[in-house]
Amino acid sequence: MIKKHSFFKGCMLVFSIVCINYFIVACSNQNNIKETVPKYIVSADTILLEFTTNEETANTKYIHKVIEVVGKIKEVTSLNNRKTIILQTNTNSGIICDVNDSDLKLVNDLKKNQLIHIKGICKGYLKDVILLNCFIDITNQHE
Amino acid sequence: MNKLRLLLLLLFLKLGTVFGQQFIARQGQVTFFSYATVEDIEAKNNQVLSILDFDKKEIAASMLMRAFVFKKNLMHEHFNESYIESDLYPKATFEGFLLEGLENAGPQVQFIKGKVTIHGITKEIEIKTTIQKTNDRYTMSGEFNLTVKDFNIKIPPILSNNIAKVVLVKFNFQYEPYENE
């Protein structure tokens with residue numbers, strides 16, 4: 001009986017550890033982006049050109065990767081209750097960067113035409129390149 | 001008389017800029033809801049692209065399947081890897097036309113007929129939408145249902161209670177004049 005009991009306890013312990021571990025991984029996933037060294041650092045013009053020249057190649061290179069894009073702010077929008085920074089390029093397409101909730105405060109201080117570095121996960125290209133979970137890299141702002 | 005002509009000309013030009021122009025939404029919102037016995041799933045895409053041409057009464061929309069945001073990472077993973085297979089079918093698209101012309105005043109209900117393509121499968125669909133004009137911008141919103149099975153999306157029997165057979169899709173687009181370069 002005691003053996004059975006401790007076996008059950010052991011199972012519960014393992015199960016709890018698995019759950020906690022899963023929870024930690026799930027939670028830290030987003031904040032990881034902030035700490036992750038970007039796989040690529042590119043200018044807004046370069047990444048757009050890569051997507052417009054050959055979308056398939058650019059998809060393979062950038063999708064799912066944490067990347068850092070350098071560019072000037074075209075506008076900041078508040079559509080759909082999200083803060084979105086759009087970086088300008090030399091065409092009428094841009095880089096759409098959906099800002100992570102933890103970085104929302106920083107958005108208010110941004111100005112049009114300001115040069116910034118934005119780190120996020122690349123999701124692909126429609127008419128603009130789309131980045132989600134974006135963090136603004138202040139340390140690099142005035143390069 | 002000359003003044004009247006000038007006025008008419010100006011009016012014509014003004015109408016020309018309103019009707020002879022395309023409108024674009026780069027940050028349209030599409031949300032889908034799956035209500036099932038085991039769990040409810042909701043996912044939002046806030047970067048849907050859509051172009052509207054009132055002259056031709058045409059409308060087109062395109063979205064990246066990977067850009068849908070779920071409450072749980074695991075749902076996102078299953079959606080992209082097992083069901084939608086985003087690596088093979090990265091985009092969902094819609095191409096259609098407005099059944100009636102647009103009047104200038106107030107919010108109005110319109111029907112859009114067109115083809116939706118998801119997971120490589122194209123289906124005809126008719127969507128009821130409300131269009132509203134404010135200044136030189138248009139807002140278009142509405143909802144419709146999609147049957148999961150229609151798009152060759154295979155749900156394993158063990159998970160059939162987790163995912164609805166019919167998914168509710170809501171959309172909201174804010175269009176601004178599109179300056180094509």
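Attention here is on the structure that accompanies the text. All of these numbers come straight from a predicted model, not from anything done at the bench. (Residues numbered from 1 in each chain as written. Chains lettered and ligands numbered in written order. Predicted model: local features only at pLDDT ≥ 70, side-chain atom pairs only at ≥ 80, totals over all residues. Heavy atoms only, no water.)

Broken down by element type, chain B carries 2 helices and 9 strands. Listing each helix as α and each strand as β along chain B from the N terminus yields α-β-β-β-β-α-β-β-β-β-β. With 181 residues in all, chain B has 42% of them scored as buried. Put simply, 59% of the contacts in chain B that link residues at least 6 apart link residues at least 24 apart. Accessible surface for chain B amounts to roughly 10600 Å². Of this, 56% is attributable to carbon and sulfur atoms. (Helix = DSSP H or I, 4+ residues; strand = E, 2+ residues; numbered from the N terminus. Buried < 20%, exposed > 50% of the residue type's maximum accessible area, 1.4 Å probe, protein only. Contact = heavy atoms within 4.5 Å. Areas by Shrake-Rupley, 256 points an atom, 1.4 Å probe, with all protein chains shown as cover.)

Judged by nonpolar contacts, the single largest core of 42 residues is most densely connected at Phe68 and Tyr175 of chain B. Residue contributions to this core peak at 5 residues, all from strand S9 (residues 166-177) of chain B. Ignoring any residue separated from it by four or fewer positions in sequence, one finds Tyr175 of chain B in contact with Phe23, Ile24, Ala25, Ser50, Ile51, Leu52, Ile59, Arg137, Tyr138 and Met140 of chain B. Of all hydrophobic cores here, the second largest spans 25 residues; its members include Val42, Tyr62, Leu110 and Ile136 of chain A. (Core = buried A, V, L, I, M, F, W, Y, C linked by side-chain atoms within 4.5 Å.)

So, about the side chain of Asn80 of chain A. Here Asn80 of chain A is to be found in the loop between strand S2 (66-77) and strand S3 (84-88). Among the polar contacts listed, one links the side chain of Asn80 of chain A to the backbone oxygen of Gln27 of chain B, at a separation of 3.0 Å. If we skip the residues at most four places from it in the chain, Asn80 of chain A touches Gln27, Gly28, Gln29 and Asn46 of chain B. (Polar contact = N/O pair within 3.5 Å; in protein donor to acceptor, adjacent residues only side chain to side chain.)

Taken residue by residue, the interface counts 26 residues in chain A and 23 residues in chain B. Here chain A packs against chain B, burying approximately 2100 Å² in sum over the two surfaces, 52% of which is carbon and sulfur. In terms of surface lost to chain B, no three residues of chain A exceed Asn80, Asn92 and Leu126 of chain A, which account for 29% of the buried area on that side. For the pair chain A and chain B, the number of links is 2 salt bridges. Glu55 of chain A is paired through a salt bridge with Lys91 of chain B; the nearest N and O atoms lie 2.7 Å apart. Elements supplying a minimum of two residues to the side of chain A that touches chain B: helix H1 (2-35), S3, strand S4 (94-99), strand S5 (115-125) and strand S6 (129-137) of chain A. Looking at side-chain class alone, the side of chain A that touches chain B contains 10 nonpolar, 10 polar and 6 charged residues. (Buried area = accessible area lost by both parts, 1.4 Å probe. Salt bridge = Lys/Arg side-chain N within 4 Å of Asp/Glu carboxyl O. Nonpolar A, V, L, I, M, F, W, Y, C, P; charged D, E, K, R; others polar.)

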